[in-house]
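Secondary and tertiary structure notes
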Amino acid sequence: TGRLNGKVAVVTAAGQGIGRAIVEAFVKEGATVYATDVDISKLAGSATPHISALDVTSTTAVDALAAELGQIDILANVAGYVHHGSVLECSDSDWDLSFDINVKGMHRTIKAFLPGMLARSQQNGTSGSIINLSSGASSIKGIANRYAYGASKAAVIGLTKAVAIDFVRRGIRCNAICPGTVRSPSWEERVEELGREVGGKDKAMEMFIARQPMGRVGEAWEIAALAVYLASDESAFTTGTAIPVDGGLSA
Ligand code: NAD
């Protein structure tokens with residue numbers, strides 16, 4: 001009764017946080033999942049036995065993995081990098097790194113995996129699904145000190161809609177998820193970092209929580225639940241969307 005029975009998925013940045021939770025949820029719903037991360041050591045204990053190193057900033061590595069895995073149904077683009085600061089604290093290299101990981105990383109994986117997804121969708125008569133992790137910090141909302149990050153995550157929404165339209169009649173759907181603040185290893189680091197700026201970790205934690213009218217941060221499984229829906233045929237009529245899961249951040 002798995003909602004993803006018979007489907008094959010690739011997940012980037014699957015070593016921790018949202019990516020790891022998405023792998024767990026996909027496996028639980030019956031998918032064959034290939035979990036990847038730039039740091040393969042983070043994939044130890046993953047819910048799937050299929051793990052490989054993948055740096056989404058390497059076109060060669062992405063192309064090689066796509067050639068190795070062949071046809072897939074689901075591509076979850078989770079890799080992302082958070083630069084902290086306004087335009088005044090953003091160097092050219094901060095900007096370039098943000099766009100290289102957050103936007104061009106998705107360009108690379110989609111370009112590499114889409115031909116196989118198109119072929120598989122045609123063969124099976126099912127739709128392929130691309131799921132891109134954007135953020136509430138994007139074209140949805142300006143968030144303090146998320147200059148390069150917010151710009152890059154807005155670009156993810158544009159990329160998502162462009163792919164959705166180009167392949168809307170060819171069996172491929174493409175949607176973005178826009179989380180509010182979600183507990184993850186990198187978020188814990190951001191709390192520490194902000195704590196040093198604002199005079200304490202508790203104060204920093206309060207500031208992050210205050211962004212969500214719901215009065216809490218989200219959990220990775222709450223994002224994975226939407227990823228399962230978008231990956232499954234339950235969402236067959238849904239493409240080109242940017243869906244918030246954010247405790248009311250965008251309300
Ligand atoms: P995280 O930041 O804790 O972990 C990121 C993972 O990405 C790590 O395992 C890391 O090794 C991997 N990674 C880094 N560079 C990579 C690269 N070049 N290629 C492949 N993998 C790489 O995870 P998270 O906080 O759950 O964030 C996951 C995604 O969700 C990101 O795109 C992030 O921007 C987005 N997001 C997170 C939040 C949040 O509050 N946590 C909110 C909105 C959006």
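Now for a look at the structure at hand. The structure presented is a predicted model; accordingly, all values stated were derived computationally and were not measured.

Right, let's talk about the sheet that holds strand β7 (residues 242–245) for a bit. Strands sit in the order β3-β2-β1-β4-β5-β6-β7 across an open sheet of seven strands; the sheet is parallel. Among the strands making up the open sheet, the edge pair consists of β3 (50–53) and β7. Taking each pair of neighbouring strands and ignoring which way they run, the sheet shows an average axis angle of 20°. Here strand β6 (residues 172–179) runs beside β7; their pairing, made up of four bridges, is parallel. Within β7, the residue paired with Ile-177 across the bridge is Ile-243. Most of the contacts of helix α4 (residues 147–166) go to β6, to which it runs at about 160°, and overall it touches β5 (128–133), β6 and β7.

Moving on, we come to the environment of Gly-215. Inspection of the secondary structure assignment puts Gly-215 in the loop between α6 (201–210) and α7 (220–231). Spatially, the C-alpha atoms of Gly-215 and Ala-137 are 17 Å apart, while their sequence positions differ by 78 residues.

The next subject is the site of the ligand. The environment of the ligand is formed by 30 residues, the closest being Ala-13, Gly-17, Gly-80, Ser-184 and Ser-186. Counting only elements with at least two residues in the shell around the ligand, the list comes to α1 (17–28) and α5 (185–198). For the shell around the ligand, the class distribution of residues is 15 nonpolar, 11 polar and four charged.

So, about the pairing of β6. By the criterion of burial, β6 is predominantly enclosed, with eight of the eight residues buried. Alternating positions in β6 separate into two faces, Ile-172, Cys-174, Ala-176 and Cys-178 on one and Arg-173, Asn-175, Ile-177 and Pro-179 on the other, with burial throughout. As paired strands, β5 and β6 are joined by six bridges and run parallel to one another. Following the sheet pairing, Ile-131 is matched in β6 by Asn-175. Note that the unit made of β5, α4 and β6 has a crossover that is right-handed.

Running from amino to carboxyl end, α5 crosses α6 at an angle of 115°, the nearest separation of the two axes being 7 Å. Classified by the angle between their axes, α5 and α6 sit roughly perpendicular to one another. The handedness of the crossing between α5 and α6 comes out as right-handed. Together, Val-191, Glu-192, Leu-194, Gly-195 and Val-198 of α5 and Lys-201, Lys-203, Ala-204, Met-205, Met-207 and Phe-208 of α6 make up the contact between the two elements.

Note on placement: Glu-197 falls in helix α5. In sequence terms Glu-197 and Ala-220 are 23 residues apart; their C-alpha atoms lie 26 Å from each other.

On to unusual backbone geometry, then. Of note, the phi angle at Ala-13 is positive, near 50°, even though the residue is not glycine. For Ala-13, a count of 28 C-beta atoms within 10 Å translates into the label buried.

Analysis parameters
- Residues numbered from 1 in each chain as written.
- Predicted model: local features only at pLDDT ≥ 70, side-chain atom pairs only at ≥ 80, totals over all residues.
- Pairing = 2+ DSSP bridges.
- Helix = DSSP H or I, 4+ residues; strand = E, 2+ residues; numbered from the N terminus.
- Axes fitted to C-alpha atoms, helices over the stretch in contact; angles between N-to-C directions.
- Contact = placed C-beta atoms within 7 Å.
- Near = placed C-beta within 6 Å.
- Nonpolar A, V, L, I, M, F, W, Y, C, P; charged D, E, K, R; others polar.
- Buried ≥ 20, exposed ≤ 12 C-beta atoms within 10 Å, placed from the backbone.
- Right-handed = clockwise from strand over helix to strand, strands pointing away.
- Parallel < 35°, antiparallel > 145°, perpendicular 65-115°, else oblique.
- Left-handed = near helix turned anticlockwise from the far one by under 90°.

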